[in-house]
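Here's the letter readout for the chains.
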Amino acid sequence: CDSEARLRQRDSAMNRKLLISAISNLSTAYNLVIINVSHVTIAYQYCGGADACSAQVEAASTAVLVGAILGQLTFGYIGDCVGRSAALRLTMALSLFGATISAAAVPLGGDSSSVLTFLALSRFVLGVGVGGVYPLSATIATESSSNAERGRNASLVFSMQGVANLAAPLVSWALLAVFGVPATGSGGADPGLAWRLALALGALPGLLLVPCMGEGRGGQGGGARHTADERMSAPIAALRAEAGRPAGPSSTLLSTLRQRKYWSKLLGTAGGWFLFDITSSGSRAVQAAAGDAPPLQGDLAHNLCAQMAVVAAIGLPGYYVSVWLMDRVGRRRIQLQGFACMAAAFAALGLAYDSLESAGAGGRVAMLLLYGLTFFFSNFGPNSTTFILPSETFPPEVRTTLNGFSAAMGKLGATLGSSAFKPMKDGISAAWGPAAGLRWTMLACAAVSLAGFALTYGFVEDRRGIAMEGAATAREEDNNGGASAAP
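Rules used in this analysis
- Residues numbered from 1 in each chain as written.
- Predicted model: local features only at pLDDT ≥ 70, side-chain atom pairs only at ≥ 80, totals over all residues.
- Heavy atoms only, no water.
- Helix = DSSP H or I, 4+ residues; strand = E, 2+ residues; numbered from the N terminus.
- Buried < 20%, exposed > 50% of the residue type's maximum accessible area, 1.4 Å probe, protein only.
- Contact = heavy atoms within 4.5 Å.
- Disulfide = S-S within 2.5 Å.
- Salt bridge = Lys/Arg side-chain N within 4 Å of Asp/Glu carboxyl O.
- Core = buried A, V, L, I, M, F, W, Y, C linked by side-chain atoms within 4.5 Å.
- Axes fitted to C-alpha atoms, helices over the stretch in contact; angles between N-to-C directions.
- Parallel < 35°, antiparallel > 145°, perpendicular 65-115°, else oblique.
- Left-handed = near helix turned anticlockwise from the far one by under 90°.
- Nonpolar A, V, L, I, M, F, W, Y, C, P; charged D, E, K, R; others polar.
- pLDDT = per-residue confidence, 0-100.
- Expected span 1.5 Å × (residues − 1).
- Phe/Tyr/Trp six-rings, centres within 6.5 Å; stacked < 30°, edge-to-face > 60°.
- Lys NZ or Arg CZ within 6 Å of the ring centre and 35° of its normal.

**Looking at the overall build of the chain**
Now for step 1: Of regular secondary structure, the chain possesses 20 helices and zero strands.
Now for step 2: The buried share of the chain, reckoned over its 487 residues, is 55%.
Now for step 3: Put simply, 82% of the contacts in the chain that link residues at least 6 apart link residues at least 24 apart.

If you want it as structure tokens, here you go:
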């Protein structure tokens, strides 16, 4: 009876941690995606058009990426020092605060476009929070799972990103339909309820998690209710000493990166994530046409919300194919086929662009569907595997630290891609026409995908079914109701 009770308690603790990780990922993805629509709305409302304050919009977009990189590096390290769950609570608090403040954005002075400066500051804080979620939620999911289900559970947690990618444009579309699109140049005369509510909803997942994340910190139930994550602090300290690293905060990210034994693994985890996020930034090359009114209404060719929803809907099944096959096919093979299929789809889109563009509305829809396939194979490919690989590749004493570093390299790739692809497209378009600009942007994405394939082939390990160091200790401690596992 006692063993059955401990088993039920372990399963309950595992399911709670997986739920917390999943909702944290939903929050992260929603907050990163929702701003793509809100920026457009705000630019037309306060600046009179997307081109009138493009520099401020770019600064606000960059701020959240810089914040995310800082959060990934900082909270990855904090997760190894104080425990995964404690660090995750801090990241969600920052996310909740950043999302709430973003919804209250107002001009900082007489210049109405300074509302985007306010937004950049608040989104930086949000970025630090959402960035920290990546390494912590992945590590919690993998450490909480058995060897046979580790890939499935981590993929299921990550699939909430796909749900958020679809929910964000649909929520924005619905709010714009209810409250209306702010008039161009209306500034503060229009309250902008649609975009404010859309941003504020980014705080909702964090609020829903408050009761769940409060459990396991003592109080009623005592040690039996402590999460395995928090009880792992002692084993992790011992493992640090055994590995020749200081047991406390004196062991830094830089000291970890100087250890050669991690370099080839980081080429696979951080390098693959870096290249993948470069390609994902190519999405800026396919967007709604801008004019005198915000591209948020009308048919598919002129409605940004509809375009984002269609692409997200096409890509969503890829997450669940990954859930189904992650433990059967393996991370390495899924990442290889994902990069290969992405390269083929990007190349086809680039080479067939002239034909599709000349076909009118039907051709544009076909182009959007073909582009959506790049999302399907990224989700059934490197988008899912790069989330999982770092959390099971590295030992527990540096697991979230190097997971955070790998995730930060991904965001660095996204920053590089977003800053390089659009200028490249615009420059080629100015010299040889719009068709050439988009064609060569897609072909560049295909080339980067092939580089990701090569890096995966050479440096990514397939660790499905292989026991994770430290995870068994955590599960055993769950069984023992908080007692340390026997040596």
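Right, picking up where we left off after that structure.
**Describing the state of the cysteines**
Working definition: the covalent bond between the sulfur atoms of two cysteines is a disulfide.
Now for step 1: Per the counting criterion, the structure on display carries one disulfide.
Now for step 2: Covalent S-S linkage joins Cys 47 and Cys 53, the inter-sulfur distance amounting to 2.3 Å. Handedness here is read from the sign of the S-S torsion; for Cys 47 and Cys 53, about 105°, the answer is right-handed. Pair check on accessibility: Cys 47 and Cys 53 agree, each one buried.

**Details of the pattern of salt bridges**
Side chains that differ in charge, positive against negative, can pair when their charged atoms come close.
Now for step 1: Counted by the stated rule, this structure contains eleven salt bridges.
Now for step 2: Asp 327 is the partner of Arg 331 in a salt bridge, and the nearest nitrogen-oxygen pair spans 3.0 Å.
Now for step 3: Note on Asp 327: relative accessible area 22%, which makes it partly exposed.
Now for step 4: Each of the salt bridges in this network shares a partner with another, and the network as a whole consists of Asp 80, Arg 84, Glu 143 and Arg 399.

**Describing the side chain of Ser 38**
Now for step 1: With respect to the helices and strands, Ser 38 occurs in helix H1 (residues 2-47).
Now for step 2: Aside from chain neighbours lying at most four places away, what touches Ser 38 is Trp 195 and Leu 199.

**A closer look at the nonpolar core**
Now for step 1: Counting residues in hydrophobic clusters, the biggest one holds 61 residues, and the most contacted among them are Ile 42, Leu 88, Leu 116, Leu 119 and Leu 199.
Now for step 2: Examining the composition of this core, we find that 18 residues originate from one element, H1, more than from any other.
Now for step 3: Core analysis: the next-biggest nonpolar cluster, separate from the first, contains 18 residues, Tyr 353, Leu 438, Met 442 and Ala 446 among them.

**Description of the environment of Ala 366**
Now for step 1: Structurally, Ala 366 is set in helix H16 (residues 361-379).
Now for step 2: Considering only alpha carbons, one finds Ala 366 and Leu 349, 17 residues apart in sequence, at a separation of 9.6 Å.

**Some points on the packing of helix H14 (residues 331-351) against helix H17 (residues 382-393)**
Now for step 1: Taken N-terminus to C-terminus, the directions of H14 and H17 make an angle of 150°; their axes are 9 Å apart at the nearest point. With respect to H17, the axis of H14 lies roughly antiparallel. The way H14 lies across H17 gives a crossing that is left-handed. In this structure, H14 uses Arg 331, Ile 334, Gln 335, Gly 338, Phe 339 and Met 342 to contact H17, whose residues at the interface are Pro 382, Thr 385, Thr 386, Ile 388, Leu 389 and Glu 392.
Now for step 2: Residue composition of the contact of H14 with H17, grouped by class: six nonpolar, four polar and two charged.

**Looking at the packing of helix H18 (residues 399-432) against helix H19 (residues 434-459)**
Now for step 1: One way to put it is that H18 packs onto H19 with a least axis distance of 6 Å and a crossing angle of 140°. Considering only the axes of H18 and H19, their crossing is right-handed. In this structure, H18 uses Phe 421, Met 424, Lys 425, Ile 428, Ser 429 and Trp 432 to contact H19, whose residues at the interface are Pro 434, Ala 436, Gly 437, Leu 438, Trp 440, Thr 441, Ala 444 and Cys 445.
Now for step 2: Within the contact of H18 with H19, the residues separate by chemical class into ten nonpolar, three polar and one charged.

**Brief notes about the confidence of the model for the chain**
Low pLDDT means the predicted atomic positions in that stretch should not be read closely.
Now for step 1: Summarising the model, the chain shows a mean pLDDT of 83, and 84% of its residues fall at 70 or more.
Now for step 2: In the model, residues 216-235 has pLDDT below 50 throughout and makes 42 contacts with residues more than four positions away in sequence or in other chains.

**What to know about H17**
Now for step 1: Helix length check: H17, at twelve residues, gives a terminal C-alpha distance of 15 Å against a target of 16 Å (1.5 Å per residue), a fit within 8%.
Now for step 2: Taking burial as the measure, the twelve residues of H17 include twelve buried ones, the bulk of the element.
Now for step 3: Taken residue by residue, H17 has Pro 382, Asn 383, Ser 384, Thr 385, Thr 386, Phe 387, Ile 388, Leu 389, Pro 390, Ser 391, Glu 392 and Thr 393 as its buried positions.

**Focus on helix H2 (residues 54-82)**
Now for step 1: In this model H2 runs 41 Å from its N-terminal to its C-terminal C-alpha over 29 residues, within 8% of the 42 Å that 1.5 Å per residue would give.
Now for step 2: Gly 83 sits one or two residues past H2 and shows a positive phi near 110°.

**Some words on the packing of aromatic side chains**
Each pair of aromatic rings is reported with the distance of its centres and the angle of its planes.
Now for step 1: Following the criterion strictly, the structure yields eight aromatic pairs and no others.
Now for step 2: The interplanar angle of 50° and the centroid separation of 5.8 Å between the aromatic rings of Phe 158 and Tyr 319 together place this pair among those described as tilted. Within this pair, whereas Phe 158 is found in helix H5 (residues 150-158), its partner Tyr 319 is found in helix H13 (residues 304-329), the two being separated by 161 residues in sequence.
Now for step 3: Between Phe 158 and Phe 387 the ring centres are 4.7 Å apart and the planes differ by 25°, which places this aromatic pair in the stacked class. Here Phe 158 is found in helix H5, whereas its partner Phe 387 is found in helix H17, with 229 residues between them in sequence. Assigned by exposure class, Phe 158 and Phe 387 land together as buried.
Now for step 4: By the ring-pair criterion, three or more aromatic residues cluster together here, those being Phe 158, Tyr 319 and Phe 387.
Now for step 5: The ring of Tyr 457 has Arg 332 lying over it, and the distance from NZ or CZ to the ring centre is 5.1 Å.

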